[in-house]
Amino acid sequence: MRHSLDSITAIFKQVFATNPTVWADAGGRVNIIGEHTDYHDGFVLPTAIDLRSYAVASGRDDGILRIYAADYDGSVQVALDELRPFQQIDWRSYTCGPFWSWLKAEHPFTGADVVIGSNVPAGGGLSSSASIEVTLLGIAKALSNEILSCLNIAIIARAAENLFCDVPCGIMDQMASSCGQKHKALLIDCRSLETKLVTTPNDWVFVVADSGVPRSLATGEYARRRSECDAGMKTITQLYKHVRAARDVSMDMLNTVKGRIPEVSFRRLRHAISENERTLTAADALKTGGIYLTGQLMQQSHESLAKDYEVSCRELDTLVEIASGIKGCVGARLTGAGFGGNTVNLVHKDAANDFCSQLKTKYREATGIKTAVRIVRPSAGLQTGRF
Ligand code: GLA
């Protein structure tokens, strides 16, 4: 079902038999480049997209939170003073967690009736969870009239994901979902959390293609990549006192410790270091209309993610290979954590519809998988308001 504020409002009226007083919506995100760099204090270049989550609510003053999740046809009711991370992590964690995190950050909230629904495909690497978290924090913000920046919201959303949902993610997804702007990509420095806006080119579009392989950060592979990097960083930080994260390590420094750190850590860090350079170069290239260079860097990013970071899979590689051979596409790579989910493709707008149908057909021929291929538009981050 495709949601909108109107459809979510209609559901609210059915479920709670009254009118909502506030609304919020926030985008999923596609990361153009800068993958597995955010938790190394590095750089990322995502955009919020027009696949969004929508929520409406009315406030309560009895400390009770009731949430109806339209996508699951499920309800959860909790007393705020008893709210703790659940033993089993599922949609209830992603919907209650943001309110827990909001209260932990000492913002006022006395309860609410909420309905939420999302158009961001779950488990597709397009940040469905971040967009749900940020949207619900938009509800808390609108109900409490607190004044918070989009960055503050992103930080609270990330805490919900890390601490309530037990997912060790970085800050990229929540920042993109909260701080996105129409026609812009965000170059985020994940150390200072400073953001520079990069205008996306008019004549080119981003296309996302779903591999059909669901991914989940909770599988342990994501955390393993982080600890493989940490194992190499131990030796590097002993040698170079100013180094705080992979962000501070140059290729020369990494080569100096070759043979002294595990081979796998060497490759993981080689990805993190080279990806940071690619991201900064791509942001400059996008700004100055260097589309072909941006595309090449996306392609190199995929190679590095597949070979050095080993977060690709056969289906994602197949999607990238097919896309690279279709007219009008200058760059293709996996987007998000990897292990499945979507690829992002940079395609000339005049070739976009043809690109989508060719990629669909050829991917099905190659793998037997029927995939969704969609054009996504760089869009606003969190929006909230009162009815
Ligand atoms: C997931 C995480 C992000 C980031 C990406 C990989 O989307 O939530 O923080 O680490 O993977 O770039």
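Refer to the structure printed above.
Cut-offs applied
- Residues numbered from 1 in each chain as written.
- Predicted model: local features only at pLDDT ≥ 70, side-chain atom pairs only at ≥ 80, totals over all residues.
- Heavy atoms only, no water.
- Helix = DSSP H or I, 4+ residues; strand = E, 2+ residues; numbered from the N terminus.
- Buried < 20%, exposed > 50% of the residue type's maximum accessible area, 1.4 Å probe, protein only.
- Contact = heavy atoms within 4.5 Å.
- Phe/Tyr/Trp six-rings, centres within 6.5 Å; stacked < 30°, edge-to-face > 60°.
- 1 Å grid on protein atoms, 1.4 Å probe; cavity = no way out; pocket = protein on both sides within 12 Å on 5 of 7 lines; lining within 4 Å.
- Points joined across faces, edges and corners; volume = space filled by probe spheres on them.
- Nonpolar A, V, L, I, M, F, W, Y, C, P; charged D, E, K, R; others polar.
- Pairing = 2+ DSSP bridges.
- Axes fitted to C-alpha atoms, helices over the stretch in contact; angles between N-to-C directions.
- Expected span 1.5 Å × (residues − 1).
- Near = heavy atom within 4 Å.
- Polar contact = N/O pair within 3.5 Å; in protein donor to acceptor, adjacent residues only side chain to side chain.
- Sits in = over half its atoms within 2 Å of the grid points.

Here the focus is the overall build of the chain. Across its full length, the chain carries eleven helices and twelve strands. Dimensions along the principal axes, computed over C-alpha positions, put the chain at roughly 60 × 50 × 40 Å. Counting only residues that meet the buried cut, the chain has 59% of its 387 residues in that class. Intrachain contacts of the chain at a sequence separation of at least 6 include 72% that bridge at least 24 residues.

For the structure shown, the criterion picks out seven aromatic pairs. The interplanar angle of 50° and the centroid separation of 4.9 Å between the aromatic rings of Phe 12 and Phe 16 together place this pair among those described as tilted. Here Phe 16 and Phe 12 lie together in helix 1 (residues 5-16), a separation of four residues that amounts to about one turn. Across the pair, exposure class does not vary: Phe 12 and Phe 16 are buried alike.

For the rest of this paragraph, the subject is the layout of surface pockets. Considering only enclosed or pocket space, the largest pocket measures out at about 890 Å³ in volume. Forming the walls of the largest pocket are 45 residues, and the residues nearest its centre are Tyr 94, Gly 123, Ser 128, Ser 129 and Arg 215. For the lining of the largest pocket, the elements supplying multiple residues, two or more each, are helix 2 (91-104), strand 5 (112-118), helix 3 (128-144) and helix 5 (172-179). Its volume calculated, the second largest pocket comes out at about 220 Å³. Lining the second largest pocket we find His 183, Thr 199, Thr 200, Pro 201, Asn 202, Trp 204, Val 205, Phe 206, Ile 375, Val 376, Arg 377 and Pro 378. Considering every element that reaches the lining of the second largest pocket, the biggest residue donor is strand 8 (residues 204-210), with three residues. Of the residues that constitute the lining of the second largest pocket, the class distribution is seven nonpolar, four polar and one charged.

This next bit is on the sheet that holds strand 8. Across the sheet, which stays open at both edges, the four strands sit in the order 9-10-8-11 with antiparallel pairing between neighbours. Every other strand in the sheet has two partners, leaving strand 9 (329-334) and strand 11 (373-376) as the edge strands with one partner each. Each neighbouring strand pair of the sheet contributes to a mean axis angle of 25°, computed without reference to strand direction. Strand direction decides the pairing type here: strand 8 and strand 10 (residues 342-348), joined by seven bridges, are antiparallel. Its bridge partner being in strand 10, Asp 210 is matched across the sheet by Asn 342. Of the strands in this sheet, strand 8, strand 9 and strand 10 touch helix 9 (residues 291-307), which is tilted by about 25° from strand 9. Contacts between helix 11 (residues 352-367) and the sheet are confined to strand 8, strand 9, strand 10 and strand 11, with strand 11 contributing the most and set at about 150° to the helix.

In an α-helix, one turn spans 3.6 residues, which is why side chains three or four residues apart end up on the same side. The end-to-end C-alpha distance of helix 8 (residues 263-287), which contains 25 residues, comes to 37 Å, matching closely the 36 Å that a straight helix rising 1.5 Å per residue would cover. Remark: Gly 289 follows helix 8 within two positions and exhibits a positive phi of approximately 80°.

What follows is about the pairing of strand 6 (residues 184-189). Of all six residues in strand 6, five are buried; the element is thus mostly enclosed. For strand 2 (residues 43-59) and strand 6, the ladder comprises two bridges, and the chain directions are antiparallel. Bridge assignment links Phe 43 to a residue of strand 6, and that residue is Asp 189. Strand direction decides the pairing type here: strand 6 and strand 7 (residues 195-199), joined by five bridges, are antiparallel. Paired with Ile 188 across the bridge in strand 7 is Thr 195.

Right, let's get into unusual backbone geometry. One non-glycine residue, His 183, lies in the positive phi region at around 65°. You can see His 183 is positioned in the loop between helix 5 and strand 6. Among the residues examined, His 183 registers a relative accessible area of 47% and is labelled partly exposed. Even without glycine at this site, Leu 193 takes up a positive phi of about 65°. Note on placement: Leu 193 falls in the loop between strand 6 and strand 7.

Attention shifts here to the site of the ligand. Around the ligand, 13 residues are found, and the nearest of them are Glu 35, His 36, Asp 38, Asp 173 and Tyr 222. A distance of 3.1 Å is found between an oxygen atom of the ligand and a side-chain nitrogen or oxygen belonging to Arg 29. At 3.5 Å from an oxygen atom of the ligand is found a main-chain nitrogen or oxygen belonging to Ala 337. Judged by the fraction of its atoms near the pocket grid, the ligand is located in the largest pocket. Here the shell around the ligand is built from residues that sort into six nonpolar, three polar and four charged.

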